[in-house]
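Coordinates in review
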Amino acid sequence: MRTEATNRIAHVFTLFDANGNGVLEADDFDLMANNVIEAAPDADKAAKDAMRTAFRQYWTTLVTELDTNDDGKISYEEFEACVLSPERFDSTIAVFAEALAALGDPDGDGLIERPAFVALMTAIGFGRPNIDALFDAFDPTDLDRIQVAVWVAAIKDYYAPDKAGIPGDLLVPGPAI
Ligand SMILES: [Ca+2]
Ligand SMILES: [Ca+2]
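Definitions and limits used
Residues numbered from 1 in each chain as written. Chains lettered and ligands numbered in written order. Predicted model: local features only at pLDDT ≥ 70, side-chain atom pairs only at ≥ 80, totals over all residues. Helix = DSSP H or I, 4+ residues; strand = E, 2+ residues; numbered from the N terminus. Rg over C-alpha atoms; globule rule 2.2 N^0.38 Å. Buried ≥ 20, exposed ≤ 12 C-beta atoms within 10 Å, placed from the backbone. UniProt positions renumbered as here; feature names shortened; annotations may be inferred. Core = buried A, V, L, I, M, F, W, Y, C linked by C-beta atoms within 7 Å. Contact = placed C-beta atoms within 7 Å. Axes fitted to C-alpha atoms, helices over the stretch in contact; angles between N-to-C directions. Parallel < 35°, antiparallel > 145°, perpendicular 65-115°, else oblique. Left-handed = near helix turned anticlockwise from the far one by under 90°. Nonpolar A, V, L, I, M, F, W, Y, C, P; charged D, E, K, R; others polar.

As named in an unreviewed UniProt entry, the protein is EF-hand domain-containing protein, taken from Streptomyces javensis.

What follows concerns the overall build of the protein. For the protein, the helix and strand inventory stands at eight helices and two strands. When the helices and strands of the protein are placed in sequence order, the string is α-α-α-α-α-β-α-α-β-α. Against the compact-globule benchmark of 16 Å for 177 residues, the protein has a radius of gyration of 15 Å, which places it among compact chains. The principal-axis extent of the C-alpha atoms belonging to the protein is close to 50 × 35 × 30 Å. For the protein, buried positions account for 32% of its 177 residues.

According to UniProt, the feature "domain: EF-hand" (unreviewed entry) maps to residues 4-39 and 54-89 in the numbering used here. Between the C-alpha atoms that bound residues 4-39 there is a distance of 28 Å. The span itself is 72% helix and 0% strand. Secondary structure within residues 54-89 divides into 50% helix and 0% strand; the distance between the first and last C-alpha atoms comes to 12 Å.

With a phi close to 60°, Asp139 is a non-glycine residue in the positive phi region. Take Asp139: it is sitting in the loop between α7 (128-137) and β2 (145-147). Backbone geometry places Asp144, a non-glycine residue, at a positive phi of 60°. With respect to the helices and strands, the residue Asp144 is situated in the loop between α7 and β2. Residue classification places Asp144 among the partly exposed residues on the basis of 14 C-beta atoms within 10 Å.

A separate point is the nonpolar core. Ranked by internal contacts, the top residues of the largest apolar core, which has 48 residues, are Met51, Phe55, Leu100, Leu103 and Leu120. For this core, the secondary structure elements donating two or more residues are α1 (3-16), α2 (26-38), α3 (45-66), α5 (90-103), α6 (114-124), α7 and α8 (148-158). A per-element tally of this core places α5 first, with eight residues. With residues near it in sequence (within four places) discarded, Leu120 still touches Val36, Ala39, Ala40, Leu100, Leu103 and Gly104.

Along the polypeptide, Phe55 turns up in helix α3. For the pair Phe55 and Leu100, spaced 45 residues apart in sequence, the C-alpha separation works out to 9.7 Å.

Moving on, we come to the packing of α3 against α5. Packed helices, taken two at a time, are described by the angle their axes make and the gap between the axes. Orientation of α3 relative to α5, taken along the N-to-C sense of each, is 155°, at an axis distance of 9 Å. Comparing their axes, α5 and α3 come out roughly antiparallel. In the packing of α3 onto α5, the handedness of the crossing is left-handed. Here Ala47, Ala50, Met51, Ala54, Gln57, Tyr58 and Thr61 of α3 come into contact with α5, specifically with Thr92, Val95, Phe96, Ala99, Leu100, Ala102 and Leu103. The residue makeup of the contact of α3 with α5, split by class, is eleven nonpolar, three polar and no charged.

This is the structure we're talking about:
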């Protein structure tokens with residue numbers, strides 16, 4: 001596994017622990033779903049429902065695949081194993097990525113404006129400089145928009161154990177920024 005992949009996973013673990021108690025549990029994903037949906041006021045109900053379902057599926061997959069000690073919570077040590085067998089998470093990550101990107105594109109034109117992107121990523125908990133660096137790495141148009149498909153692909157790459165030097169690395173706080 002690449003160090004960069006470990007750093008990405010470690011960062012997302014801290015963000016997904018939305019209630020800050022050091023482990024992931026169902027509550028964290030409900031909390032995160034609410035925060036993210038609130039950050040996309042222009043999205044329609046179907047898109048919001050899809051996001052909520054995607055967060056639930058994400059949690060269900062984690063607890064099914066990774067809860068080694070069977071306590072209904074995912075510790076960081078348990079979570080780390082998700083990058084060791086990415087094929088077990090591909091479909092869940094794909095559903096999550098599509099739902100998140102769809103929230104950022106309420107008019108369905110396949111493009112996401114920077115303020116919508118910033119609002120969603122801030123709701124997840126990423127830092128503003130990191131969010132802007134990522135958006136810039138997606139090669140925005142003259143009107144400061146990025147393609148939905150580019151973002152979806154980047155979310156999938158974020159979890160890939162063998163990838164380094166990718167835009168997603170810009171989300172990890174540290175000297176790279
Ligand atoms: Ca927690
Ligand atoms: Ca556990």
